[in-house]
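Residues per chain, in single letters:
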Amino acid sequence: QVHLVESGGGLVQAGGSLRVSCAASGLTFSNYVMAWFRRTSGQEREFVAGISRKGNLTWYADSVKGRFTISRDNAKNTVYLQMNNLKPEDTAVYYCAADETHLPPQRLIFGYDYWGQGTQVTVSS
């Protein structure tokens with residue numbers, strides 16, 4: 001059974017930093033393109049960042065480019081999202097997702113094979 005478990009969310013002041021993690025189990029992690037999405041209240045999940053299977057290619061939403069960094073450790077079956085210079089508009093539930101098929105990563109939610117349960121990130125002004 002596949003599990004993606006996010007952790008590391010919390011409350012941070014604007015301008016601060018936070019790193020969220022997603023630990024995967026039950027799948028061959030290195031076979032999957034990984035991505036982070038986020039959802040604010042009343043909105044659909046939006047693409048934040050994606051990373052290739054080996055971790056050598058990354059993609060970002062324009063809204064986070066230059067502030068967020070996605071990385072992965074295939075030995076630990078974990079993908080990370082380092083978030084710097086956080087803004088109140090970054091407040092959302094952050095989800096990781098795994099896709100065995102598509103590269104570049106899909107920027108819509110359709111087609112991902114597995115999702116985590118999400119972790120809340122709140123940025124106060």
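See the structure above.
Residues numbered from 1 in each chain as written. Predicted model: local features only at pLDDT ≥ 70, side-chain atom pairs only at ≥ 80, totals over all residues. Heavy atoms only, no water.

The helix and strand tally for the chain stands at 0 helices and 11 strands. Listing the helices and strands of the chain from first to last along the sequence gives β-β-β-β-β-β-β-β-β-β-β. For 125 residues, the compact-globule formula gives about 14 Å, and the C-alpha radius of gyration of the chain, at 13 Å, lands near that figure. By its C-alpha atoms, the chain is 40 × 25 × 25 Å across when sized along the principal axes. Here the chain holds 125 residues, and the buried ones make up 44% of them. For the chain, the share of sequence-separated contacts (at least 6 apart) that also reach a separation of at least 24 residues comes to 59%. Just so you have it, the chain exposes about 6,200 Å², and 46% of that area is on carbon and sulfur atoms. Separation between the mean location of the 12 positive side-chain charges and that of the 10 negative ones in the chain comes to 5 Å. (Helix = DSSP H or I, 4+ residues; strand = E, 2+ residues; numbered from the N terminus. Rg over C-alpha atoms; globule rule 2.2 N^0.38 Å. Buried < 20%, exposed > 50% of the residue type's maximum accessible area, 1.4 Å probe, protein only. Contact = heavy atoms within 4.5 Å. Areas by Shrake-Rupley, 256 points an atom, 1.4 Å probe, with all protein chains shown as cover. Lys, Arg positive; Asp, Glu negative; His and termini not counted. Charge placed at Lys NZ, Arg CZ, Asp CG, Glu CD.)

A word on the packing of aromatic side chains. A complete count under the given rule lists 5 aromatic pairs for this structure. A centroid spacing of 6.1 Å and a plane angle of 55 degrees characterise the contact between Tyr-32 and Tyr-114, whose relative ring orientation is tilted. With Tyr-32 in the loop between β3 (18–25) and β4 (33–39) and Tyr-114 in strand β10 (residues 114–115), this residue pair connects regions lying 82 residues apart in the sequence. According to the relative accessible area criterion, Tyr-32 is buried, its value standing at 7%. On the numbers, 5.7 Å between centres and 85 degrees between planes, the contact of Phe-37 with Phe-47 is edge-to-face. (Phe/Tyr/Trp six-rings, centres within 6.5 Å; stacked < 30°, edge-to-face > 60°.)

With that out of the way, let us pick up the pairing of β4. With respect to burial, β4 is a largely interior element, 6 of its 7 residues being buried. Two elements, β4 and strand β9 (residues 92–99), share 7 bridges in a ladder whose sense is antiparallel. The residue of β9 that forms the bridge with Trp-36 is Cys-96. Joining the antiparallel neighbours β4 and strand β5 (residues 46–51) is a turn of 6 residues, in which Gly-42 adopts a positive phi near 80 degrees. (Pairing = 2+ DSSP bridges.)

A few words now on the sheet that holds strand β7 (residues 68–73). Ordered by their spatial adjacency, 4 strands build an open sheet running β1-β3-β8-β7, and the pairing between neighbours is antiparallel. The sheet is open, and its two borders are formed by β1 (3–7) and β7, each paired with just one other strand. Pairs of neighbouring strands in the sheet enclose a mean axial angle of 15 degrees, with direction left out of account. As paired strands, β7 and strand β8 (residues 78–83) are joined by 6 bridges and run antiparallel to one another. Within the sheet, the bridge partner assigned to Ile-70 lies in β8 and is Leu-81. (Axes fitted to C-alpha atoms, helices over the stretch in contact; angles between N-to-C directions.)

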